[in-house]
Amino acid sequence: MTSIKLSDVERIKTESNYLRGTIQEGLADRITASISADDQQLIKLHGAYQQQNRDLDDERRKQKLEPLYSFLIRIRVPGGITTAQQWLDIDKLADMYGNPTIKLTTRQAFELHGVVKRKLKATIKGINQTLLDTLAACGDVNRNVMTSANPWESEIHQQVYDDARLLHTNLTPQTTAYHEIWLNDELVGGGEKKEDIEPMYSKTYLPRKFKIAIAIPPRNDVDVYANDLGLIAIAEDGKLIGYNILAGGGMGMTFGIETTYPRLGDLIGFVKPENAVEVAKAIVIWQRDNGNRSDRKNARLKYTIDRLGLNEFKKAIKSELGDKLEPAKPFHFESNGDSYGWKKGFNGKWYYTLFVEGGKVKNDSKLQLKTALQEIAQNHNGNFILTGNQNLVIADVEEKDKDKIDQLLEKWKLNKHFSGIRRNSLACAALPLCGLAFAEAERYLPSLVDKIEVDIVNLNLQEDDILLRMTGCPNGCARPYLGEIGLVGKSPGKYNLYLGAGFTGNRLNKLYAELLSEDEILATLKPILADYALNKNTGERFGDFVIRKEYVNATTEGIAFHSDLKKISK
Amino acid sequence: MVIYSTSFMVSNLHEQGYFRTLALALTLPDKNSNPYCRMTDNSLLPLSTEQIRLLSELSGSLTPKQINWISGYFAGLSAQDMKVQLVSESTLTPSLQNDSGSTQKGKSLTILYGSRTGNGEGIGKQAQKNAIALGFDAKLKNMETYKNNDLKNETNLLIIVSTHGEGEPPFQAKTFHDFLFSKRAPKLDNVNFSVLALGDSSYLKFCQTGIEVDNRFEELGAKRITARVDCDVDFQDSALLWVTDSLLQLNDNKTITQQTETKYGYSETTSTFGKHNPFQAQVLEKTFLHGRDSNRQTLHIELSLENSGLTYEPGDSLGILASNPPELVESLIQTVNLSPNDKIISETGERTLSETLLKNYELTHITPDVLNRYAKLTDNNEIKEILKSQDRVKEFIYGKDLVDLFTHFPEKLSANQFISLLRPVQPRLYSISSSPQAYADEVHLTVGVVKYKNDDRNKTGLCSVFLSDRIEESDTVPVFIEKNNNFRLPQNPEIPIIMVGAGTGIAPYRAFVQHRELDEKRGKSWLIFGNRHSESEFLYQLEWQRHLHENSLSRLDVAFSRDYSEKVYVQNRIQEQGKLLFDWLENGAHFYVCGDMKKMAHDVHETLLNAVRKHGGLKQEAAEEYVLNLQQQHRYQTDVY
């Protein structure tokens with residue numbers, strides 16, 4: 001182990017004095033709107049990514065200007081629950097400091113985009129004043145903890161949400177750098193500055209990012225299998241009795257490197273609610289100590305487990321937890337999408353799930369979504385819940401207020417009915433701001449769906465829920481390998497097409513065709529959809545159908561993602 | 001090409017009188033003996049028969065005094081004819097020194113100039129040479145460095161002073177002007193003086209500083225040699241008349257005995273190209289420097305000087321002769337109800353009205369002189385009423401072009417009447433933003449593009465929009481070099497420099513930094529730049545970043561006024577770094593200010609004073625002295641427009 005060179009990010013973390021680096025100096029530098037390469041790594045752990053508007057790179061080089069740098073700020077929203085007031089606050093911050101859209105992410109976070117460096121501090125300060133924060137929203141730590149957004153469906157939702165917050169709190173870094181840099185905290189008591197301590201993470205934090213989600217059956221809207229640590233809430237007679245534990249899920253891979261692959265979490269047992277934090281910590285620490293710190297492309301827990309063996313891993317966790325880790329309990333998922341419209345909860349309150357295409361909250365000529373949600377927030381006393389599918393639940397609406405909300409939904413034309421494929425579509429942010437993107441996603445997918453819908457309507461499939469997921473690169477932000485149809489950008493205008501994921505998020509898809517242009521995507525999908533329309537069994541999902549009809553082989557485990565391919569067209 | 005040696009001919013004119021000149025010209029020596037003395041092959045005499053007849057007629061009627069006067073006049077005039085190859089400075093200087101060295105000291109004369117551009121200095125140099133030729137002990141002094149206490153000891157004083165903006169003295173004359181109007185101004189009973197006022201009649205208080213200085217000298221008891229002459233932008237003829245007249249008055253109209261130099265300092269290039277014979281420079285590249293979020297434009301344009309013989313130094317300006325927007329010409333002709341094909345006859349021949357308007361007159365803005373002529377010509381009471389108050393003139397002409405004038409006050413005019421109202425077009429000068437060492441045979445400009453809407457019509461500046469909209473890559477642009485010896489890098493490259501610039505005021509610093517980058521012995525350099533928005537208006541950002549990285553620029557501070565809710569300007573950055581600034585000055589740094597913002601130079605000056613006071617631990621007066629010293633040592637130079 002020692003002979004292998006550590007990745008440069010490890011050096012950066014080590015030298016950073018608990019995530020400080022030279023971020024302060026970088027913020028003060030007016031000659032560039034960027035920060036140093038090292039600080040760009042560190043600032044992720046503070047919740048910000050440096051980006052640049054890639055659309056303008058050539059133009060600005062000619063203008064003798066540096067690229068148009070800005071930052072993405074990701075705001076952690078544990079369990080996706082925010083108050084209406086917080087919604088208004090974030091909306092205002094986007095206007096004041098952002099571009100001014102809000103992105104609802106696939107992991108129940110808010111993202112503000114286009115925040116320039118000199119406004120970073122005010123933005124992060126403003127976010128903290130709303131009692132949300134950005135610390136550990138990105139970077140080699142535990143990220144935002146997700147929870148199914150289905151209070152109306154499950155009596156245990158509140159309890160699970162409370163556990164999610166506990167996990168969130170217990171796994172948040174302890175460094176004071178965040179407060180020091182962004183919130184100008186005075187030193188308590190005016191004494192000597194104390195050395196930071198990170199009892200769980202230590203000063204090098206984790207080898208790679210770490211994601212936790214809790215699913216509350218029957219809904220797997222958080223894609224629990226795609227997380228490093230997945231918890232499946234188990235209820236008996238309407239009471240939470242504990243969680244099944246999944247470990248080793250993750251989406252990201254790299255084109256051309258077959259040792260990188262998406263993987264679904266393995267079920268390793270069950271714990272009582274009071275042991276959830278303990279099991280999470282045990283897994284985080286095992287990954288901290290065993291994860292690959294040389295090759296960041298092989299650093300996630302999924303690779304550590306495959307490298308050291310699932311049994312080895314289970315043994316290690318069992319030895320920490322002892323009898324607290326019990327055999328897994330039975331559970332049942334029905335879907336991983338959202339169900340739209342009004343639902344009445346156990347508490348007598350109402351919940352409206354609103355489709356937000358690509359999770360993008362903005363105003364454009366077609367839809368004034370940002371203004372609409374602002375007005376709804378102004379007229380709403382309850383909460384908003386961000387779903388794992390980039391959508392939004394207007395939550396906890398009193399019976400008496402339901403009509404008012406309905407009127408606003410009508411006024412702003414938000415109560416439209418969408419096709420099954422559109423309402424199950426996800427897209428990552430991609431171009432122009434994301435530095436990783438090879439191709440478009442968020443700003444392109446809607447128009448592609450318009451074209452797919454033509455066939456869908458002709459085939460009378462418009463009410464069939466089909467999971468469609470598009471990303472601009474293989475890193476997996478919109479969990480494309482769990483799409484019944486997955487489109488992953490490989491070069492501008494060209495996508496790899498994956499088929500055959502399970503409808504409940506329980507099976508990865510498989511590469512079907514490479515480097516398809518739009519016309520080729522449409523031409524490739526059309527006959528398969530036609531076949532599906534004609535020959536599907538009752539209740540048969542599209543992802544299952546393409547396996548039965550041998551368009552692709554089923555991916556049985558992550559390590560087999562790249563193998564067992566049919567002949568790839570092109 | 002026909003090239004004549006004017007200095008040769010002129011010197012003989014002076015010595016021998018006019019008929020001898022003709023004879024000498026006819027018996028010129030071997031043309032290879034002097035590269036500047038070449039005649040045409042087919043005719044040795046440059047004059048037509050008719051011109052010879054006229055000359056003979058004139059000369060026959062002249063008194064010696066008149067001949068003397070005319071000889072001086074022609075000497076200077078010939079220097080301005082840019083079609084004539086000029087003798088380079090170095091070829092004449094030795095003989096001049098010999099001549100003046102061998103003669104006894106003549107009458108003492110001080111020529112004192114104060115102007116922002118090189119014009120004042122150029123005229124001063126000409127006057128000095130003519131004066132030396134006449135036997136004067138003539139000294140040329142710059143107001144910026146002039147010791148005010150010497151004033152009372154002057155006997156003969158020729159003053160050349162320009163006026164800046166709205167009747168202010170130029171920065172270079174400010175100290176002298178202040179002194180003159182202070183209680184400390186001495187009695188000047190023993191001083192003979194004359195004032196040449198340089199100005200621009202497109203400004204309201206035309207030649208105001210010259211007028212003030214002229215009156216003040218009289219008040220202080222000084223006696224006029226000749227009456228003040230007020231020069232407009234085309235100053236050469238009147239300046240020459242004034243020089244000639246003043247010197248002859250002082251010399252009791254005695255004959256000139258020495259060779260006179262015939263060249264003005266304001267065009268020291270040896271090129272055949274100049275203001276009156278501009279070089280057609282090809283556009284190599286055009287690019288707009290602002291990012292798309294900016295609502296303004298700054299044009300970066302690169303021109304080729306290949307084969308022009310034009311040379312320049314960092315700090316110099318490029319003059320451009322722009323033509324008017326065709327749509328403005330068209331709309332103006334319609335407004336005044338004339339025909340584009342109306343014939344206009346001028347010294348240069350007959351041309352159509354539209355051709356004339358396109359090239360020869362200022363149309364994009366109204367100037368008070370045009371308003372004056374219009375009032376006189378038409379007897380329009382409304383215009384006369386406006387002209388009664390400067391404030392009203394200012395208000396009226398603001399944002400208006402000539403179409404507006406003739407729309408507001410329509411009058412029936414003939415084409416020639418119409419033309420007689422207009423102001424001849426002036427070249428536009430831009431500080432050069434390249435170093436000839438870094439870009440051989442090229443000249444780069446950084447041009448703020450003037451476009452705005454007023455009275456429901458889109459208005460444009462003349463030259464900036466000529467360059468931005470009407471000139472394409474590979475087109476040519478008529479240009480000449482305008483020297484600016486008042487804005488120069490230190491001769492010793494090791495001396496640190498501090499460069500303060502706002503907006504396109506960054507231009508000469510691009511040249512400075514490029515220039516010093518090539519010198520391994522270069523000292524430290526510090527740029528303080530301001531504009532509105534950092535993301536879109538950080539002019540040459542990538543270049544500055546490279547210079548910082550490669551240490552060809554030591555420090556860069558920026559102030560973007562619209563980036564924050566509170567506006568921040570270059571002077572705020574200077575104030576923040578006051579201690580450092582003072583340290584640099586103590587280490588011999590030169591301090592430069594350049595920019596187009598009205599208040600900037602003043603605010604920077606005040607900030608500099610404050611920094612010197614605070615960090616030098618000086619009282620106000622001592623701080624002023626310190627800054628004055630900087631100016632006098634040419635360590636504090638400004639190029640403010």
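All of these numbers come straight from a predicted model, not from anything done at the bench. (Residues numbered from 1 in each chain as written. Chains lettered and ligands numbered in written order. Predicted model: local features only at pLDDT ≥ 70, side-chain atom pairs only at ≥ 80, totals over all residues.)

### Examining the overall build of chain A
In step 1: The helix and strand tally for chain A stands at 17 helices and 20 strands.
In step 2: For chain A, the C-alpha radius of gyration of 23 Å lies close to 25 Å, the compact-globule estimate for 570 residues.
In step 3: Expressed along its principal axes, the backbone C-alpha trace of chain A runs to roughly 75 × 55 × 55 Å.
In step 4: Counting every position in chain A, which comprises 570 residues, the buried fraction comes to 53%. (Helix = DSSP H or I, 4+ residues; strand = E, 2+ residues; numbered from the N terminus. Rg over C-alpha atoms; globule rule 2.2 N^0.38 Å. Buried ≥ 20, exposed ≤ 12 C-beta atoms within 10 Å, placed from the backbone.)

### A look at the overall build of chain B
In step 1: Helix and strand counts for chain B stand at 24 helices and 21 strands.
In step 2: Counting all 641 residues of chain B, 46% fall into the buried class.
In step 3: Within chain B, contacts between residues at least 6 apart in sequence are counted, and of these 78% link residues at least 24 apart. (Contact = placed C-beta atoms within 7 Å.)

### Description of the packing of helix α10 (residues 326-335) of chain B against helix α11 (residues 353-360) of chain B
Residue and element names in this part refer to chain B.
In step 1: At their nearest, the axes of α10 and α11 sit 10 Å apart, and the two run at 130 degrees to each other. As far as their axial angle goes, α11 and α10 are oblique. By crossing handedness, the relation of α10 to α11 is classed as right-handed. Where α10 approaches α11, its residues P326, V329, L332 and I333 are matched on the opposing element by L353, S354, L357 and L358. (Axes fitted to C-alpha atoms, helices over the stretch in contact; angles between N-to-C directions. Parallel < 35°, antiparallel > 145°, perpendicular 65-115°, else oblique. Left-handed = near helix turned anticlockwise from the far one by under 90°.)

### Digging into helix α16 (residues 518-535) of chain A
Residues and elements named next belong to chain A.
In step 1: The terminal C-alpha atoms of α16, which comprises 18 residues, lie 26 Å apart, in line with the 26 Å expected from a rise of 1.5 Å per residue.
In step 2: Among the residues of α16, those classed as buried are I521, L525, L529 and Y532.
In step 3: Those residues of α16 hidden inside the fold are in contact with α15 (445-458), β18 (485-491), β19 (494-499), β20 (510-516) and α17 (542-548). (Expected span 1.5 Å × (residues − 1).)

### Details of the nonpolar core
In step 1: Of all hydrophobic cores here, the largest spans 165 residues; its most connected members are I214(A), A233(A), Y243(A) and I394(A).
In step 2: Residues I320(B), I497(B), Y540(B) and V627(B) belong to the second largest nonpolar core, which totals 76 residues. (Core = buried A, V, L, I, M, F, W, Y, C linked by C-beta atoms within 7 Å.)

### Some thoughts on the packing of helix α23 (residues 600-616) of chain B against helix α24 (residues 620-632) of chain B
Residue and element names in this part refer to chain B.
In step 1: It is at 9 Å that the axes of α23 and α24 come closest, and there the two elements cross at 120 degrees. Considered as vectors, α23 and α24 are oriented oblique to each other. Two packed elements cross with a definite hand, and for α23 against α24 that hand is right-handed. Judged by residue contacts, L608, L609, V612, R613 and G616 of α23 engage Q620, A623, E624, Y626 and V627 from α24.
In step 2: The class makeup of the residues in the contact of α23 with α24 is six nonpolar, two polar and two charged. (Nonpolar A, V, L, I, M, F, W, Y, C, P; charged D, E, K, R; others polar.)

### What to know about unusual backbone geometry
A negative phi angle characterises most non-glycine residues, just as the trans form characterises most peptide bonds.
Residues and elements named next belong to chain A.
In step 1: A cis amide bond, omega -5 degrees, links N99 with the succeeding residue P100.
In step 2: Mapping P100 onto the fold places it in the loop between α5 (84-97) and β4 (102-104).
In step 3: The omega torsion of the bond from P217 to P218 falls at 15 degrees, within 30 degrees of zero and hence cis.
In step 4: Along the chain, P218 turns up in the loop between β7 (212-215) and β8 (229-236).
In step 5: Of note, the phi angle at L131 is positive, near 70 degrees, even though the residue is not glycine.
In step 6: Note that L131 resides in the loop between α6 (117-129) and β6 (146-147).
In step 7: If you check the backbone angles, S202 has positive phi at about 65 degrees while not being a glycine.
In step 8: Position of S202 relative to the elements: it lies in the loop between α8 (177-182) and β7.

### Quick notes on the interface of chain A and chain B
In step 1: With 13 residues of chain A at the contact, the number on the chain B side is 17 residues.
In step 2: A per-class count over the side of chain A that touches chain B returns five nonpolar, two polar and six charged.

### Quick word on the domain arrangement of chain A
In many analyses, interface size is given as the accessible surface area lost on bringing the parts together.
Residues and elements named next belong to chain A.
In step 1: Here the domain parsing of chain A yields domain 1 (1-6 + 139-337), domain 2 (342-410) and domain 3 (421-560).
In step 2: The gap between the C-alpha centroids of domain 1 and domain 2 is 30 Å.
In step 3: Counting residues at the interface gives nine residues for domain 1 and 11 residues for domain 2. (Domains from an automatic or database assignment.)

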